[in-house]
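As a plain string of letters, each chain reads:
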Amino acid sequence: MNQQNTTTSKLSFLDRFLTLWIFLAMGLGVGLGYFIPRVSDFISYFQVGTTSIPIAIGLILMMYPPLAKVRYEEMGRVFRNWRVLGLSLAQNWVIGPILMFLLAVLFLGHIWPNPDYMAGLILIGLARCIAMVIVWNELARGDREYAAGLVAFNSVFQIVFYSVYAYVFITVLPGWFGLKGSTVNITIGEIARSVLIYLGIPFFGGMLTRFTLIKARGREWYESKFIPKISPITLAALLFTIVVMFSLKGEIIVQIPLDVLKIAVPLLIYFVIMFLVSFYMGRKIGADYSQTASIAFTAASNNFELAIAVAVAVFGIGSGQAFAAVIGPLVEVPALIGLVNVALYFQRRYFKQAS
């Protein structure tokens, strides 16, 4: 009993200072990449095509516990709530891409002209989140079933429409603003592979675990014994992934901080606007806090794995487009962890029955 209380207290301590751990992980990653450049070379050795094996493992482990908690048997209610579903789809596939495009054109097309960075930023805006949003939603106490359902919808839309969106937003539309477009050739199969790796594996792993263990040991054992055992994996994998991501670009972050800042400014504005607008609209349509949080984080997050993979495959690993895509998650992580705290404040301030 004492051991269980100690464990609970440790977990609450970790949760309480989560923002601190994340910033420490970011600092450690940058320090490793800058002071020990061979770390980046070592990590890059474990890469297949455009997929970084350490990052893929970190993301899969990070997402597995939250997806194992999802009550898949209750997900029918997600797809029956057309107001929430319609709002999420509009935010993700209409408002989000257009907002990122306009910010990219404004900041990297006119204020700080750099067509390569502009194209990389647009690629990020077109890649709707299917991975880390599960963790942000979990930390903000969002609705797991809604998050899983919305992510599943995003995955299907991403496979079908990403290549079309890339053509329209990167090749066609820049010309309307007096800018030069770029040609993006990406197949549906390449997008499907990214979705399968980063969402399919943890999604089906969590689903299989839940149905198998509940059948074998019962729901009470699964919820009270198994889930608490695997929950800490999320935080450990998140911190590991952050250290790896930041160490890969630690040297560049220190050497050309102004370029990083030029990409970070429109990204930060994007994350904040998408989050606040989605939160406001979710509350307006009558969604409760957990549903509103899921809508907001799904809309504000992006699938940086896909954006990086496309940028590297189409423009090359040393391109400005790839650099901008890599900066994406380095800005998203601190921005979204900050918005987790904003969401929890909104929960206390505006949702009386929030738990």
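Higher on the page you've got the structure.
Rules and cut-offs
Residues numbered from 1 in each chain as written. Predicted model: local features only at pLDDT ≥ 70, side-chain atom pairs only at ≥ 80, totals over all residues. Heavy atoms only, no water. Core = buried A, V, L, I, M, F, W, Y, C linked by side-chain atoms within 4.5 Å. Buried < 20%, exposed > 50% of the residue type's maximum accessible area, 1.4 Å probe, protein only. Helix = DSSP H or I, 4+ residues; strand = E, 2+ residues; numbered from the N terminus. Contact = heavy atoms within 4.5 Å. Salt bridge = Lys/Arg side-chain N within 4 Å of Asp/Glu carboxyl O. Patch = residues over 30% accessible without salt bridge, like charges linked within 9 Å, V, L, I, M, F, W, Y side chains within 5 Å. Areas by Shrake-Rupley, 256 points an atom, 1.4 Å probe, with all protein chains shown as cover. Phe/Tyr/Trp six-rings, centres within 6.5 Å; stacked < 30°, edge-to-face > 60°. Expected span 1.5 Å × (residues − 1). Bend = angle between axes of the 7 residues up to and from the residue. Axes fitted to C-alpha atoms, helices over the stretch in contact; angles between N-to-C directions. Parallel < 35°, antiparallel > 145°, perpendicular 65-115°, else oblique. Left-handed = near helix turned anticlockwise from the far one by under 90°. Nonpolar A, V, L, I, M, F, W, Y, C, P; charged D, E, K, R; others polar.

Caption draft 1: Spatial organisation of the nonpolar core. If you look at the biggest cluster of nonpolar residues, it comprises 112 residues, and the most contacted ones within it are F275 and F297. Per element, the largest residue contribution to this core is 17 residues, and it comes from helix α17 (residues 320-350). Discounting chain neighbours no more than four positions away, the residues touching F275 are A296, F297, A300, L339, V342, A343 and F346. Of all hydrophobic cores here, the second largest spans six residues; its members include A68, Y222, F226 and I227.

Caption draft 2: Structural context of the pattern of salt bridges. Within the structure shown, the criterion is met by three salt bridges. Its salt-bridge partner being E223, residue R210 comes within 3.3 Å of it at the nearest N-O pair. On the criterion of sequence distance, the pair formed by R210 in helix α10 (residues 188-217) and E223 in helix α11 (residues 219-230) is long-range, its members being 13 residues apart. Judged by relative accessible area, E223 falls into the partly exposed class, the value being 28%. What you see here is one network of salt bridges that share partners, running through K69, E138 and R144.

Caption draft 3: Broad picture of a nonpolar patch on the surface. Together, F42, Y45, F46, V48, I53, I57, L61 and I233 make up an exposed nonpolar region whose accessible area comes to about 780 Å². Elements represented by at least two residues in the nonpolar patch include exactly α3 (38-45) and α4 (53-69). You can call I57 partly exposed: its relative accessible area is 45%.

Caption draft 4: Expanded view of the packing of aromatic side chains. What the rule picks out here adds up to 25 aromatic pairs. Between F157 and F161 the ring centres are 5.6 Å apart and the planes differ by 40 degrees, which places this aromatic pair in the tilted class. A residue pair is termed a helical-turn pair when its members lie 3 or 4 positions apart in one helix, as F157 and F161 do in helix α9 (residues 144-172) at four residues. Residue F157 is classed as partly exposed on the basis of its relative accessible area, which comes to 25%. Residue classification places F161 among the partly exposed residues on the basis of a relative accessible area of 34%.

Caption draft 5: Structural context of helix α14 (residues 257-284). Here α14 spans 40 Å end to end across 28 residues, near enough to the 40 Å set by a 1.5 Å rise per residue. Remark: the principal bend of α14, roughly 25 degrees, maps to A264, with a proline, P266, within the next four residues. For α14, every residue scored as buried is listed here: V260, I263, A264, P266, L267, Y270, F271, M274, F275, S278, F279 and G282. Where α14 is buried, its residues touch α6 (82-111), α7 (115-126), α13 (250-255), α15 (289-300) and α17. Immediately beyond the C-terminal end of α14, within one or two residues, lies G286, with a positive phi of roughly 90 degrees.

Caption draft 6: Representation of the packing of α7 against α14 within the structure. Close contact between α7 and α14 brings their axes to 11 Å; oriented N to C, the two are set at 30 degrees. The angle between α7 and α14 falls in the class roughly parallel. Of the two elements, α7 crosses α14, and the hand of that crossing is right-handed. Contacts between α7 and α14 involve Y117, L121, I124 and G125 from the first element and D259, I263, P266, L267 and Y270 from the second. Residues of the contact of α7 with α14, tallied by class, amount to seven nonpolar, one polar and one charged.

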